[in-house]
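# Secondary and tertiary structure notes
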Amino acid sequence: MTDEARLAIHQVTFLRHWSFRESVEGLARHGVRKTAVWRPKLQEIGVAEGARVLRDHGMEVTGLSVGGLVTSPDARDWQSAVDDTRKVIEEAAMVGADHVVMLSGGLVDGSKDVQGARDRALEGIAQVLPDARQAGVKLGIEPLHPMLCEKRAVLCTMGQANDWCDFLGDDQTVGIVVDTYAVWWDPSLQAEIKRAGPRICALHVNDWLSDTRDLRLDRGMMGDGVIDIPSIRSAVEGAGYRGPCEVEIFSERDWWQRDPDEVIRIIKDRFRTWV
Ligand code: ZN
């Protein structure tokens with residue numbers, strides 16, 4: 001069982017029904033004071049106003065999603081993704097986020113060069129590392145499930161994330177985001193969580209539905225799928241993590257269609273039993 005004070009809910013969970021402001025007000029109404037920010041929503045309200053709304057409601061901001069996506073083989077596109085990530089870091093500092101959620105990016109335009117994409121992603125993160133250090137914002141690199149390797153993230157495992165952290169050599173600034181949806185299947189998970197130790201900067205929770213219809217946009221509510229979430233939470237706590245447990249549900253056909261107040265009530269209930 002997890003202490004409700006550690007509950008954070010990513011505002012993307014209410015993507016279709018609530019604006020930035022409505023999501024912050026809604027969470028506060030339900031006594032949830034930790035959230036993660038979805039950049040397109042922040043851009044709708046504007047960064048300065050968004051920061052003010054968060055502050056006024058006493059919100060602790062975990063992550064700002066997303067930076068990175070720096071795999072393009074085209075030098076100009078790659079550079080513009082790096083520059084954009086610098087902006088995300090600035091925005092994260094403005095809203096008081098602990099970290100930028102960094103996705104590596106997938107393969108671009110039918111490329112078959114997965115190793116090249118990995119090299120460019122790692123180089124892109126290395127490029128923005130000094131900016132993050134200076135801004136006092138962490139870069140939370142998040143491996144995604146390998147089924148998303150082509151579309152979204154050539155960074156696919158905790159082991160690879162640890163290797164990247166070894167390479168980058170700045171554990172103060174680079175952390176690892178552990179998302180149950182991305183890592184639950186991995187036979188090396190326990191060992192790699194132990195290896196990550198204090199690198200772990202976030203825990204995202206949600207479930208893998210056994211009849212999943214979409215690899216990205218059909219995440220399940222905790223308890224509805226096959227992931228042993230408490231065992232992953234115990235492992236990250238065993239590695240020293242004591243931060244928020246963040247519910248993050250991308251669900252086009254189910255949870256995004258429901259009344260967000262109802263979604264929060266269900267999250268709080270499931271959080272007690274299934275996290
Ligand atoms: Zn996540």
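To keep things clear, this report deals only with the structure shown in the data block. Quick caveat: nothing in here was measured; it's all calculated off a predicted structure. (Residues numbered from 1 in each chain as written. Predicted model: local features only at pLDDT ≥ 70, side-chain atom pairs only at ≥ 80, totals over all residues. Heavy atoms only, no water.)

### Quick notes on the overall build of the protein
Where we set the bar: By the criteria applied, helices consist of DSSP H or I runs no shorter than four residues and strands consist of E runs no shorter than two, each listed in order from the N terminus. The quantity called the radius of gyration is restricted to C-alpha atoms. Its globule counterpart is 2.2 Å times the number of residues to the power 0.38. Using a 1.4 Å probe on the protein chains alone, a residue whose accessible area is under 20% of its type maximum counts as buried, one over 50% counts as exposed, and one in between counts as partly exposed. Two residues qualify as a contact provided that any one of their heavy atoms is within 4.5 Å of a heavy atom in the partner residue. Only the protein chains shown count as cover for residues, and all accessible areas are computed by the Shrake-Rupley method using a 1.4 Å probe. Under the convention used here, Asp and Glu are negative, Lys and Arg are positive, and both His and the chain ends fall outside the count. Charge coordinates come from a single atom per side chain, which is NZ of Lys, CZ of Arg, CG of Asp or CD of Glu.
Scanning the protein from terminus to terminus reveals ten helices and eight strands. Taking 275 residues into account, the globule formula puts the C-alpha radius of gyration at 19 Å, and the protein, at 17 Å, falls close to it. Projected onto its principal axes, the C-alpha coordinates of the protein cover approximately 45 × 45 × 35 Å. Looking at the protein as a whole, 59% of its 275 residues qualify as buried. Here the contacts in the protein between residues at least 6 apart in sequence split such that 79% fall between residues at least 24 apart. Surface accessibility of the protein: about 11400 Å² in total, with carbon and sulfur atoms responsible for 48%. Taking the average place of the 34 positive charges on the side chains of the protein and the average place of its 44 negative ones, the gap between the two points comes to 2 Å.

### Side note on the sheet that holds strand β2 (residues 34-38)
Put simply, the rule reads: For two strands to be treated as a pair, DSSP must find at least two bridges joining them. For helices, the fitted axis covers only the stretch in contact; all axes are lines through C-alpha atoms, and the angles between them, taken along N-to-C directions, range from 0 to 180 degrees.
The parallel closed barrel is built from eight strands, whose spatial order is β1-β2-β3-β4-β5-β6-β7-β8. Each neighbouring strand pair of the sheet contributes to a mean axis angle of 30°, computed without reference to strand direction. With three bridges joining them, strand β1 (residues 7-10) and strand β8 (residues 245-247) adopt parallel strand pairing. Bridging across to β8, Leu7 finds its partner in Cys245. Against the sheet, helix α4 (residues 75-94) contacts β3 (60-68), β4 (99-103) and β5 (138-141), and its axis sits at roughly 175° relative to β3.

### A short note on the coordination of the zinc ion
To be explicit about the condition: Each metal's donors are the N, O and S atoms found within 2.8 Å of it, except that Na, K and Ca use a 3.2 Å limit; water is left out, so coordination can look incomplete. Think of it this way: with four donors and all angles in the 85 to 135 degree range, the site is tetrahedral; with four or six donors, opposite ones beyond 155 degrees and the rest between 65 and 115, it is square planar or octahedral; otherwise it is irregular.
Listed as protein donors to the zinc ion are Glu142 (OE), Asp179 (OD), His204 (ND1) and Glu248 (OE); their distances from the metal cover 2.1 to 2.2 Å. Given four donor atoms and angles of 81 to 153° at the metal, the environment of the zinc ion is assigned as irregular. On the basis of relative accessibility, which here comes to 0%, the residue Asp179 falls in the buried class. For Glu248, a relative accessible area of 3% translates into the label buried.

### Regarding α4
Heads up, the rule is: How far a helix is expected to stretch is found by multiplying one less than its residue total by 1.5 Å. Polar contact is the term for a pair of N or O atoms within 3.5 Å; when the atoms are in protein, one must be able to donate a hydrogen and the other to accept it, and sequence-neighboring residues count only if both atoms are side-chain atoms.
With 20 residues, α4 extends 29 Å between its outermost C-alpha atoms, agreeing within 8% with the 28 Å of an ideal straight helix rising 1.5 Å per residue. The set of residues buried in α4 consists of Trp78, Ala81, Val82, Thr85, Val88, Ile89, Glu91 and Ala92. Where α4 is buried, its residues touch α2 (39-45), α3 (47-56), β3, β4, α5 (114-135) and β5. For α4, the N-terminal capping position is held by Asp74, with its side-chain oxygen 3.1 Å away from the main-chain nitrogen of Arg76. The positive-phi residue at the C-terminal boundary of α4 is Gly96, with phi of around 70°.

### Some points on the pattern of salt bridges
Test applied: We define a salt bridge as a contact between a side-chain nitrogen of Lys or Arg and a carboxyl oxygen of Asp or Glu at a distance within 4 Å.
Applying the stated rule across the entire model yields 30 salt bridges. Here Arg199 makes a salt bridge to Asp171, at a shortest N to O gap of 3.1 Å. Of the two residues, Arg199 is situated in the loop between α8 (189-196) and β7 (200-205) and Asp171 in the loop between α6 (158-168) and β6 (174-179); the sequence distance between them amounts to 28 residues. If you follow the salt bridges from partner to partner, you end up with Asp163, Asp166, Asp171, Glu192, Arg195 and Arg199 in one network.

### Considerations on the pairing of β7
Two faces belong to every sheet, and in a regular strand the side chains alternate between them. Here β7 lies mainly inside the structure; six of its six residues are buried. Two elements, β6 and β7, share four bridges in a ladder whose sense is parallel. Across the sheet, residue Ile176 finds its bridge partner in β7, namely Ile200. Looking at chain direction, β7 and β8 are connected through three bridges and run parallel.

### What about the nonpolar core?
Condition: For the purposes of this section, nonpolar cores are sets of buried Ala, Val, Leu, Ile, Met, Phe, Trp, Tyr and Cys residues that join through side-chain atoms within 4.5 Å.
By size, the foremost hydrophobic cluster in this structure holds 76 residues, and its most contacted members are Ile141, Val178 and Ile193. In this structure, Val66, Val101, Leu148 and Ala153 belong to the second largest nonpolar core, which totals six residues.

### As for the environment of Ile200
With respect to the helices and strands, Ile200 occurs in strand β7. Along the sequence, Ile200 and Gly240 sit 40 residues apart, while their C-alpha atoms lie 8.4 Å from each other. If sequence neighbours within four positions are ignored, Ile200 has contacts with Ile176, Val178, Ile193, Val236, Ala239 and Tyr241.

### Topic: unusual backbone geometry
In this structure, Val66 follows Ser65 across a cis peptide bond, with omega equal to -10°. On the secondary structure map, Val66 appears in strand β3. Backbone geometry at Leu69 places phi at a positive 55°, although glycine is not the residue there. Examined against the element boundaries, Leu69 turns out to sit in the loop between β3 and α4. Using a relative accessible area of 34% as the deciding quantity, one classes Leu69 as partly exposed. Although it is not a glycine, Asp109 adopts a positive phi angle of roughly 50°. Summarising the element assignment, Asp109 is placed in the loop between β4 and α5.

Such coordinate-based values are descriptive only and should not be taken to indicate function.
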